[in-house]
Amino acid sequence: MGPTRRMLLVGLPRFLTDAWSWLNYKPVMASTYDGRPHRALAPEVQATWLPPEAVRRLAAYKLLAAYDSNQAGELAALAGNAEAAERREFGDPSSFVDTTLAHVIGKTQQIVVPGAEHAKDDQATPEAVAAAATQERLREWAEAELLPLRMQACERKTVLLGDGVYLLAWDPEKGRARLQTFDPGFYFPVIEDDADPGGYPNRAHLAWEIPEDPKHGIKARVRRITYELGPIEPAARPDAANGADRQGPDVPADAEATVAGPGDVFDTATGRIVRTYPWAPDKASTVTCYLTDAEWLLEDLRHGQALDDFPLGKARFRERADGTVLNRLDLRIDFLPVVHISNTIADGEHFGQSSLAKVFQALDELAETDTDSARASATTGAPIIALAGSHAEVDRITGRPKPLDIAPGTVFQLADGGRMDVLDTSGQLAELRARVEELRERAAVNARLPAVSLGTVDPSDVPSGYALQLSLGPLDSLVDAMRLARAHKYALLLKMVQRLHQAGQAEGWPAGPPLPARLVFGPHTPTDRAAILDEVIKGVSAGVLSLETGIRMLQDAGYPIEDAREEVERIDARRAPSAEPHESTTASEEKRQEGKEDSPDDRPGGPQRDRAEAA
C-alpha cells in the first residue's frame, strides 16, 4: 500500500490529500488537473519508468532541496513567475534544518549494548562479558566505517526531506560490513496492498537515471539495484553459471540445477530448500535475499513500463570485483540490508515528513518580506529626489536632459521659489524589519525551535535558569519524538551489522542470536557542568549516590569519561593508600567491640607506653 491519496471532486479542480499535500499551495507542485507537478520543477520526475505514486514525493524532495540551497526564487521563475527572480533568500530554511539536526543527534553518538557495563564486576556473568565484547566490536566497526560522518549526511537529508536511506554490504577484502548513504529520491520500496505501510518491505529498489553523454557516445540509461526476499533456489552448475550468468537473460530455461549451496538441505516434506543461518542455528529458514544490479537503455523501455517490469532481456548486468554477475545473486542472508530512516513517527505512511512542512508558507512570507525590505533599504540609502527650479544639463547629441549625479557635496542652484523634495522610506523600512522579526519568531514557534536554540536571544534577557528550561519545553518534545522515530531503525541497523559479520565469518564474531544494541544520542541542550559536578560530589559524599551513578551523571553532562567502570577503578586506585589506615582502624575498632583485642588500658604499660611510643 503506497502513500495515502484521496481526491475529492469539488467543481472542476480536484482536492488532493496525501503525505505531501502541504505543498499544494505551490503552483509548481500541483499545476495540472490531476495534481502532477510542473515540468519546470524537475523534468526527470516525468520519466515514464517512475512509479506513479513516487512522482509527487520526488517533486517534494526537489522543492525542499531548492529552498535549502536558496534557489526557490529561481525555481518559481522557471515555472513562469518572472518576479520571483528578484526574490531575496538568506538561508533561513537551511538554518532551521541545521539547528534541528544538531539537536536531534546531539553532540555525541555512542553504541551501547545493555549489560556491557557489568563485564568488569568481580562476579561478571558470561552474558555481561559477551555484551561488552559485542559493544567493543560494534564501536570498532563504527570507527572504521566513519559512522558519525555518514550519520551527519544521512540525518541531514532525513530532517530536510523527511527520509534517509542506509545500505549495508559485505566487503570480503576489508573483512567488514560497509555502510553507504543514499538519497531518498533513489529509494523505491515495493509495499504490498495488504502490508503494513510502516513495516518492512520484502522488495526494494534503488534506481536513478544516468543522463546521456553525446560527446562520448553514451546513451541515457536507468540503473536499478534490487534487493528481494524469496525462497531459496537451487544453485546452477558451475559450468552453466560461468557462462550463462554472465549473459543474464540468455540462460537456457532448461539449465540443469544441482543441489543448493553449501550448508543447504532439501526438505522432502515441504519440497523446499532450507538453510540454517549463523544467527539462528536452531531454526531452519527457506528465505534468502537476492541482489540484482543492472542497467537499461532509456530507449528500450516502453511508455508506462513500471520499475518492476523492466525487460530482463535488455538488461546489462553489472559484475562484482571478483567477476560474479549480479543477476539474482544469493546473498545468503534472510533480510534486506536497506534501512529507511523516517523523520517522523509513521501514522499509516511509510515515508516521513520534512521538519519544514509546518512552516513552509511562513518561510515563503519571510523571503518576500526580506525582498521588500531590501527594496526599501535601497530607496532609504539612495533616496528619490525631486528638484523644482533647477535646469538640468542637456545632452547635445540626444537633446535630452542628462540624469543628475547626486553625491556627497553636490550643490544645486535653484531659481526663486525652487525646492528639493526627498522621498523618505525609513518608516516603511522599520516596519518591514519588524515584520521580518515577527515572521521569523512565528516560524520558530511553529517549528518548535525556541529563540534560545537558534541563538537569537541575548543571555542577559533570560530571567532565570528555570525560565530557560521552560522555554526549551517544545524543543524537548520535538527531539523526543524524532529520536523515538529513529530508535528502532538504528537498533535494526546494528543488528544487521552483526548478522553480516556472522555471515561473512569475520574473526571474533561468534555465531548465535545478535545481542540487542542501540545508538545513544548525547544531550541536545547545554548542561550546567559545574552544577552537576557539585551535585555529584555532595551526593557521593553523603552516601545517597553511588560512585558509579555519579560517574554516569558526569558522562551525560559531557565530561570526557569513556568508561564508567574504568573511571571508578582509577579513582579507587588513587585513594587506596589513604584508605588503608582507615580500614585498619575500622578493623581494630570492630575487634575491640568483639572483645578480640585488649583495651589500651589493659595492655602492659597502658597509656604510658602509648605516649612513649608516640614520642
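Described below are features of the structure shown in this document. What you are looking at is a predicted structure, and each value in this text was computed from that prediction instead of being measured.

## Remarks on helix α3 (residues 92–105)
Look at α3: 20 Å from first C-alpha to last across 14 residues, which is about the 20 Å you get at 1.5 Å a residue. In terms of burial, α3 is a largely internal element, 11 of the 14 residues being buried. Phi for G106, located one or two positions after α3, is positive at around 70°.

## Some remarks on the environment of V520
With respect to the secondary-structure elements, V520 resides in strand β18 (residues 518–521). What makes V520 partly exposed here is its relative accessible area of 30%. For the pair V520 and A487, spaced 33 residues apart in the sequence, the C-alpha separation amounts to 8.7 Å. If sequence neighbours within four positions are ignored, V520 has contacts with T108, Q109, Q110 and V112.

## Let's talk about the sheet that holds strand β9 (residues 265–267)
Taken together, the three strands give an open sheet; going across it, the order is β9-β10-β11, and neighbouring strands pair in antiparallel fashion. Whereas interior strands pair on both sides, the edge strands pair on one side only; in this sheet they are β9 and β11 (284–285). Relative to strand β10 (residues 272–276), β9 runs antiparallel, the two sharing three bridges. Considered in β10, the bridge of V265 is made with V274.

## Observations concerning the packing of aromatic side chains
Each aromatic ring pair is specified by the distance between its two centres and by the angle formed by the two planes. One pass over the structure, following the stated rule, counts 12 aromatic pairs. Geometrically, the ring pair formed by F182 and W208 is tilted, given 6.1 Å between the ring centres and 40° between the ring planes. Placement of the pair is F182 in strand β5 (residues 176–182) and W208 in strand β7 (residues 203–210), with a sequence separation of 26 residues. Of the two residues, F182 and W208, both sit in the buried class. On the basis of an interplanar angle of 80° and a centroid distance of 6.1 Å, the ring pair of Y490 and F521 is categorised as edge-to-face. Of this pair, Y490 sits in helix α11 (residues 473–503) while F521 sits in strand β18; the two residues are 31 residues apart in sequence, bridging distant segments of the chain.

## Some words on the side chain of D171
Checked against the element boundaries, D171 lands in strand β4 (residues 163–171). Among the polar contacts listed, one links the side chain of D171 to the side chain of R178, at a separation of 3.4 Å. Apart from the residues within four sequence positions on either side, D171 is in contact with R176 and R178.

Conventions adopted
- Residues numbered from 1 in each chain as written.
- Predicted model: local features only at pLDDT ≥ 70, side-chain atom pairs only at ≥ 80, totals over all residues.
- Heavy atoms only, no water.
- Helix = DSSP H or I, 4+ residues; strand = E, 2+ residues; numbered from the N terminus.
- Expected span 1.5 Å × (residues − 1).
- Buried < 20%, exposed > 50% of the residue type's maximum accessible area, 1.4 Å probe, protein only.
- Contact = heavy atoms within 4.5 Å.
- Pairing = 2+ DSSP bridges.
- Phe/Tyr/Trp six-rings, centres within 6.5 Å; stacked < 30°, edge-to-face > 60°.
- Polar contact = N/O pair within 3.5 Å; in protein donor to acceptor, adjacent residues only side chain to side chain.

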